[in-house]
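What follows is the residue order along each chain.
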Amino acid sequence: MRRGEEAMVPEAEFRSYYGQPIIKSPVWHEPHMPVYLYLGGLSGTASTMAAAARIAGNDRLALTARVTAALGAAAGAGFLVAELGRPERFLNMLRVFKPTSPMSMGSWLLAVHSGLTALAAASALGPVLPPSPVTAVLRAPAVASVLPAAGDAAVMATVLTGPLMSTYTAVLLADTAVPAWHEAHRELPFLFAGSALASAGAAGMLATPHAQAAPARAAAVLGAVVETVAGAVMERRLGLVGEPYRQGKAGRRMRLARALTVGGGLLAVVAGRSRVLTGLSGAALTAGALCTRFGLLEAGRASAADPKYTVVPQRRRLDAGRPASVPAGP
């Protein structure tokens, strides 16, 4: 077309045959999957916080973090089973160990991490819980003599499983054909890690006396910063594919998540000894982390439903001389 001439043909709309999406929409459901993503990250970072607190001699924060990690792992497993529909489906995934499959590795990681956090929490709670059949077993001489050392060893082992729990779900999302997730593979691990750090810090602030909760407050603030920056960089870098994170229901959720995370982080800085402000900070950070997971799921659905988010990036890669292939669907 010569300079100054106007295009006579309107820009093509990206439609698929018979009005069907080009790729399948994610089959994950609310609230099971978003809550599982939140709880897995919470458990992973809380377990790492427990190890750091144990090394530093902050036993009170270590106790809070151990219990948080165990509860998060147990509840997360429950939500995952609810998402799968039948408990035996989760057990079936443990029949295969496939390093190339994020789902297979994630199932094994969750199983190992859940066992470690349960042992760590049991060793810490055994001496302080009221008498019961369970605590009677934990306080039996044969068990009590080895339980503290076994619990400490389990905590140290979660230094390996904890960071993986906090970020493997980002790999799980990015390793799909869903454009809003796949194209964000660079930022998603940082987004999930920051959100998990803010969540674990919030739990530590809420359940630990102020004098021992300073590391948890610092973790909450750092996590809020990392999550906010990673989310902003992701949306800006993605350009067209990042539209689902800014528009519609997903956009509203992501904006709410950002406001809650930033507000919670600021409150953590100025809360001081105020239990009211500390409570508001912890609640805001927790709600922000959940909204982030719900927003991510909705953005994935929106990007899978609109063909342009699949077609345009492929054409750009072809024009640039790069492969246009995408990974297998979710």
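Residues numbered from 1 in each chain as written. Predicted model: local features only at pLDDT ≥ 70, side-chain atom pairs only at ≥ 80, totals over all residues. Heavy atoms only, no water.

**Student:** Quick one: what's the story with the overall build of the protein chain, residue by residue and with numbers?
**Tutor:** Along the backbone of the protein chain there are 13 helices and 0 strands. Shown N-terminal to C-terminal, the secondary structure of the protein chain runs as helices and strands in the order α-α-α-α-α-α-α-α-α-α-α-α-α. A total of 330 residues make up the protein chain; the buried ones form 47% of that total. For the protein chain, long-range pairs separated by at least 24 residues make up 75% of all intrachain contacts whose partners lie at least 6 apart in sequence. Of the accessible surface of the protein chain, which amounts to about 16,200 Å², a share of 66% is contributed by carbon and sulfur atoms. (Helix = DSSP H or I, 4+ residues; strand = E, 2+ residues; numbered from the N terminus. Buried < 20%, exposed > 50% of the residue type's maximum accessible area, 1.4 Å probe, protein only. Contact = heavy atoms within 4.5 Å. Areas by Shrake-Rupley, 256 points an atom, 1.4 Å probe, with all protein chains shown as cover.)

**Student:** I'd like a description of a nonpolar patch on the surface, backed by residues and values.
**Tutor:** Side chains of I55, M156 and V159 sit close together on the surface and give an oily, nonpolar patch of about 270 Å² of accessible area. Tracing the sequence through the fold places I55 in helix α1 (residues 32-56). (Patch = residues over 30% accessible without salt bridge, like charges linked within 9 Å, V, L, I, M, F, W, Y side chains within 5 Å. Salt bridge = Lys/Arg side-chain N within 4 Å of Asp/Glu carboxyl O.)

**Student:** So what's going on with the pattern of salt bridges? Residues and values would help.
**Tutor:** When the charged atoms of two side chains lie near each other, side chains of opposite charge can form a pair. In the structure shown here, the tally under the stated rule is 8 salt bridges. Close ionic contact of E30 with R253 constitutes a salt bridge, the shortest N to O distance being 2.8 Å. Of this pair, E30 sits in the segment before α1 while R253 sits in helix α11 (residues 248-270); the two residues are 223 residues apart in sequence, bridging distant segments of the chain. Given a relative accessible area of 31%, E30 falls into the partly exposed group. Two residues, E298 and R301, come together in a salt bridge whose shortest N-O distance is 3.5 Å. Here E298 pairs with R301, and both are found in helix α12 (residues 275-305), just 3 residues apart, close to one helical turn. For E298, a relative accessible area of 15% gives the class buried. Connected through salt bridges with shared partners, the residues E30, R253, E298 and R301 form a single ionic network.

**Student:** Which residues make up α11, and what values go with them?
**Tutor:** If you check α11, its first and last C-alpha atoms are 33 Å apart, about what 23 residues at 1.5 Å a residue would give, namely 33 Å. Every buried residue belonging to α11 is among A250, G251, R253, M254, A257, T261, G264, G265 and A268, and all of these are buried. Summarising the contacts, the buried residues of α11 are in contact with α9 (188-207), α10 (214-238) and α12. Within two residues after α11, G272 carries a phi angle of roughly 60 degrees, on the positive side. (Expected span 1.5 Å × (residues − 1).)

**Student:** Provide a residue-level description of the packing of helix α2 (residues 59-84) against helix α4 (residues 102-125), including the pertinent values.
**Tutor:** Axis separation between α2 and α4 bottoms out at 8 Å; the angle between their running directions is 140 degrees. It follows from the interaxial angle that α2 and α4 lie oblique. The handedness of the crossing between α2 and α4 comes out as left-handed. Across the interface between the two elements, L63, R66, V67, A69, A70, A73, A77 and L80 of α2 pack against L110, H113, S114, T117, A118, A120, A121, S123, A124 and L125 of α4. Residue classes in the contact of α2 with α4 are distributed as 13 nonpolar, 4 polar and 1 charged. (Axes fitted to C-alpha atoms, helices over the stretch in contact; angles between N-to-C directions. Parallel < 35°, antiparallel > 145°, perpendicular 65-115°, else oblique. Left-handed = near helix turned anticlockwise from the far one by under 90°. Nonpolar A, V, L, I, M, F, W, Y, C, P; charged D, E, K, R; others polar.)

**Student:** Report on the packing of aromatic side chains, specifying residues and quantitative values.
**Tutor:** Scanning all chains against the criterion turns up 1 aromatic pair. Here W28 and W181 contribute two aromatic rings whose centre-to-centre distance is 5.6 Å and whose plane-to-plane angle is 20 degrees, an arrangement assigned as stacked. Here W181 lies in helix α8 (residues 179-182) and W28 lies in the segment before α1, a separation of 153 residues in the sequence. Both residues of the pair, W28 and W181, count as buried. Its end group placed over the ring of F192, R293 keeps NZ or CZ at 5.0 Å from the ring centre. (Phe/Tyr/Trp six-rings, centres within 6.5 Å; stacked < 30°, edge-to-face > 60°. Lys NZ or Arg CZ within 6 Å of the ring centre and 35° of its normal.)

**Student:** Quick one: what's the story with the environment of A220, residue by residue and with numbers?
**Tutor:** Tracing the sequence through the fold places A220 in helix α10. Relative accessible area serves as the criterion here: at 0%, A220 is assigned to the buried category. Once the C-alpha coordinates of A220 and T261 are considered, the two residues, 41 residues apart in sequence, prove to be 9.5 Å apart. Apart from residues lying up to four places away in sequence, A220 is in contact with L197, A198, G201, A202, M205 and L285.

**Student:** Pulling in residues and values, what's your account of the side chain of T45?
**Tutor:** Relative to the helices and strands, T45 is located in helix α1. Classification of T45 by relative accessible area gives buried; the value is 9%. Apart from residues no more than four positions distant in its own chain, T45 is found in contact with G162, S166, A196, L197 and A200.

**Student:** Account for the nonpolar core, with residues named and values stated.
**Tutor:** For soluble globular proteins, nonpolar side chains are generally found buried alongside one another. Core analysis: the biggest nonpolar cluster contains 33 residues, and W28, Y36, W181, L188, M234 and Y245 have the highest contact counts within it. Residue contributions to this core peak at 6 residues, all from helix α7 (residues 147-174). When residues no more than four places from it in sequence are discounted, the contact partners of Y245 are A180, W181, A184, M234, E235, L238, A250, G251, M254, L296 and A299. Residues M49, A51, A120 and A224 belong to the second largest nonpolar core, which totals 30 residues. (Core = buried A, V, L, I, M, F, W, Y, C linked by side-chain atoms within 4.5 Å.)

**Student:** Give me the lowdown on the environment of L110, citing residues and values where you can.
**Tutor:** Residue position: L110 is located in helix α4. In the structure, L110 is positioned 52 residues away from G162 in sequence and 9.9 Å away in space, judged by C-alpha atoms. The contacts of L110, once residues within four sequence positions are left out, are Y36, A73, A77, L80, F90 and M165.

Limitation: the analysis is restricted to geometry and does not speak to function.
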